[in-house]
Amino acid sequence: MKRLVVTLCAVALLALAPQARAEEAADREAIRQTALDYIEGYYEGNGERMERALHPELAKRIVMSRDGLSMLQNMGSSQLIAGTKLGGGKGTPKDKQRKEVKVLDVFENAASVRIDATDWVDYLHVVKWNGRWVIVNVLWELRPQQ
């Protein structure tokens, strides 16, 4: 009887594995598309794409230093969307629009993503919210001037 139960469990797991892989691949692609809506929306000055990518309670932060003291500079979704609608990165030449997206990790309804952009690197926390992947946190850092 134990062998039968173990065998049935193994068969069930094998049957579910392709579906799980397909769902994981679909989630990874949706996460990647969210990151592209964010960075390409910025470069295009497309507030609609930016808004689609963001959770309304987004927190975007960078650590800045002044007189040897660290400070957090914050931006919310409304500021980021408004700035994008005003033109965002439209002035960035197409050949300089770096937008390399790497999905670093996905676990259940949470993901971490890295975007290498023109003058900075963004680390995104992305969540599945009401069936859509949206960005809730961005920690970013400017590239050193060359």
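As a reminder, the structure under discussion sits directly above these lines.
Report on the accompanying structure. (Residues numbered from 1 in each chain as written. Predicted model: local features only at pLDDT ≥ 70, side-chain atom pairs only at ≥ 80, totals over all residues. Heavy atoms only, no water.)

On to the sheet that holds strand β3 (residues 99-107). In spatial order, the strands read β2-β1-β6-β5-β4-β3; together these six strands make up an open sheet with mixed pairing. The outermost strands of the open sheet, each flanked by one partner alone, are β2 (69-76) and β3. Taken pair by pair, the neighbouring strands of this sheet meet at an average axis angle of 20°, ignoring direction. Judged from the eight bridges that link them, strand β1 (residues 54-66) and β2 form a sheet pairing that is antiparallel. The residue bridging Arg61 from the neighbouring strand is Asn74, located in β2. Lying on the sheet, helix α3 (residues 77-85) is in contact with β1 and β2; it crosses β1 at an angle near 90°. (Pairing = 2+ DSSP bridges. Helix = DSSP H or I, 4+ residues; strand = E, 2+ residues; numbered from the N terminus. Axes fitted to C-alpha atoms, helices over the stretch in contact; angles between N-to-C directions. Contact = heavy atoms within 4.5 Å.)

On to the environment of Arg61, then. Along the chain, Arg61 turns up in strand β1. Arg61 has contacts with Leu72, Gln73, Asn74, Asn137, Val138, Leu139 and Trp140, leaving out every residue within four places of it along the chain. Of the polar contacts made by the side chain of Arg61, one reaches the side chain of Asn74; its length is 2.9 Å. (Polar contact = N/O pair within 3.5 Å; in protein donor to acceptor, adjacent residues only side chain to side chain.)

Next up on the list: the nonpolar core. Considering soluble globular proteins, one finds that nonpolar side chains tend to be buried as a cluster. In terms of nonpolar packing, the biggest core is built from 25 residues, with Tyr38, Ile39, Leu54, Val113, Ile115, Leu124 and Ile135 touching the most fellow members. The dominant element in this core, judged by the number of residues it contributes, is helix α1 (residues 2-44), at six residues. Beyond its immediate chain neighbours, meaning those up to four positions away, Ile135 contacts Thr34, Tyr38, Ala53, Leu54, His55, Leu58, Leu124, His125 and Val126. (Core = buried A, V, L, I, M, F, W, Y, C linked by side-chain atoms within 4.5 Å. Buried < 20%, exposed > 50% of the residue type's maximum accessible area, 1.4 Å probe, protein only.)

This part is about the packing of aromatic side chains. Tallied over the entire structure, the rule returns three aromatic pairs. When the ring of Tyr42 is compared with that of Trp120, the centres are 5.7 Å apart and the planes differ by 90°; the resulting orientation is edge-to-face. Remark: Trp120 occurs in strand β5 (residues 120-129) and Tyr42 occurs in helix α1; sequence separation between them is 78 residues. A relative accessible area of 12% means that Trp120 is categorised as buried. Through a chain of ring-to-ring contacts, the aromatic side chains of Tyr42, Tyr43 and Trp120 assemble into a single cluster. The ring of Trp140 carries the charged tip of Lys60 above its face, separated from the ring centre by 5.0 Å. (Phe/Tyr/Trp six-rings, centres within 6.5 Å; stacked < 30°, edge-to-face > 60°. Lys NZ or Arg CZ within 6 Å of the ring centre and 35° of its normal.)

This next bit is on the pattern of salt bridges. Throughout the structure, instances matching the rule amount to eleven salt bridges. The partner of Arg98 in a salt bridge is Asp116, and the shortest N-O contact between them spans 4.0 Å. Taken together, the residues Arg98 in the loop between α3 and β3 and Asp116 in strand β4 (residues 110-117) connect sequence positions 18 residues apart. A relative accessible area of 31% places Arg98 in the partly exposed class. You can call Asp116 buried: its relative accessible area is 3%. When salt bridges with common partners are traced through the structure, they connect Asp37, Glu40, Glu44, Arg49, Arg52 and Lys99 into a single cluster. (Salt bridge = Lys/Arg side-chain N within 4 Å of Asp/Glu carboxyl O.)

What follows concerns the side chain of Thr84. Mapped onto the elements of the fold, Thr84 is located in helix α3. There is a polar contact of 2.8 Å between the side chain of Thr84 and the backbone oxygen of Leu80. Setting aside anything within four residues of it in sequence, one finds Thr84 in contact with Gly41, Tyr42, Gly45, Asn46, Gly47 and Met50.

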